[in-house]
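Working through the structure, step by step
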Amino acid sequence: MALQETTKALADPIRRAILNLLKEGPMTAGDIQSKFDVTFASISRHLSVLKDADLIRDRREGKFIYYELNASILEEVLLWIYSLKGEKNEKV
C-alpha cells in the first residue's frame, strides 16, 4: 500500500465526500459531479487522485465509466490506523 498517496487522497474534503457518495454504490463521473458545485474537470482530477491511491476503481459499461470503492484498500488503511492505538498489557 502506498500510504503517502492514500493519505494525500484522503486529505481533501471533496475526495472524502466522493468516497462517501460511492459507499452507496457505483456512480458515473457525471452523477458525482452533479452533487458538487465544481467543474467536471475538477471532479475528473479528484477521481484521478482517488484512482492513483487505489481507493476507487472504474469499469466501463457501454459508453459510461462507473466508479466504485476499493474496499480492500480502505480496510488496509483502517487496520493500519487501528494498529497505531497499540495494546498495553499494564494492569492497574
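Residues numbered from 1 in each chain as written. Predicted model: local features only at pLDDT ≥ 70, side-chain atom pairs only at ≥ 80, totals over all residues. Heavy atoms only, no water.

Looking at helix H2 (residues 13-22)
- All of the buried residues along H2 are Arg-15, Ile-18, Leu-19 and Leu-22. Across the axial projection of H2, the buried residues extend over an arc of 100°, all falling on one side.
- At its buried positions, H2 is contacted by helix H1 (3-10), strand E1 (27-28), helix H3 (29-33), helix H4 (40-52), strand E2 (56-61) and strand E3 (64-69).
- Sitting at the head of H2, Asp-12 places a side-chain oxygen 2.8 Å from the backbone nitrogen of Ile-14. (Buried < 20%, exposed > 50% of the residue type's maximum accessible area, 1.4 Å probe, protein only. Helix = DSSP H or I, 4+ residues; strand = E, 2+ residues; numbered from the N terminus. Arc of directions from axis to C-beta. Contact = heavy atoms within 4.5 Å. Polar contact = N/O pair within 3.5 Å; in protein donor to acceptor, adjacent residues only side chain to side chain.)

With respect to the sheet that holds E1
- The strand order across the open sheet formed by 3 strands is E1-E3-E2, and the pairing between neighbours is antiparallel. Unpaired on one side and paired on the other, E1 and E2 mark the two borders of the sheet.
- Relative to the sheet, H2 contacts E1, E2 and E3, its axis offset from that of E3 by approximately 95°. (Pairing = 2+ DSSP bridges. Axes fitted to C-alpha atoms, helices over the stretch in contact; angles between N-to-C directions.)

As for the pattern of salt bridges
- Per the stated rule, a full pass over the model turns up 3 salt bridges.
- We note a salt bridge from Lys-51 to Asp-58, for which the minimum N-O separation is 2.9 Å.
- Here Glu-61 and Arg-59 are joined by a salt bridge, their closest N and O atoms 2.1 Å apart.
- Given a relative accessible area of 29%, Arg-59 falls into the partly exposed group. (Salt bridge = Lys/Arg side-chain N within 4 Å of Asp/Glu carboxyl O.)

A few points about the nonpolar core
- Ranked by internal contacts, the top residues of the largest apolar core, which has 18 residues, are Ile-18, Ile-32 and Leu-47.
- Of all the secondary-structure elements, those providing two or more residues to this core are H2, H3, H4 and helix H5 (71-85).
- Per element, the largest residue contribution to this core is 4 residues, and it comes from H4. (Core = buried A, V, L, I, M, F, W, Y, C linked by side-chain atoms within 4.5 Å.)

Points about the pairing of E3
- Sheet analysis places E1 next to E3, joined by 2 bridges and oriented antiparallel. In the strand pairing of E3, Thr-28 is matched with Tyr-66.
- Where E2 and E3 come together, 6 bridges link them in antiparallel fashion. Along E3, the bridge assignment pairs Ile-56 with Leu-69.

As for unusual backbone geometry
- We note that Asp-54 has phi near 65°; this positive angle belongs to a residue other than glycine.
- Positionally, Asp-54 belongs in the loop between H4 and E2.

Observations regarding the environment of Leu-22
- Here Leu-22 shows up in helix H2.
- For Leu-22, a relative accessible area of 3% corresponds to the buried category.
- Setting aside residues no more than four positions away along its own chain, Leu-22 makes contact with Met-27, Ile-32, Ile-56, Tyr-67, Glu-68 and Leu-69.

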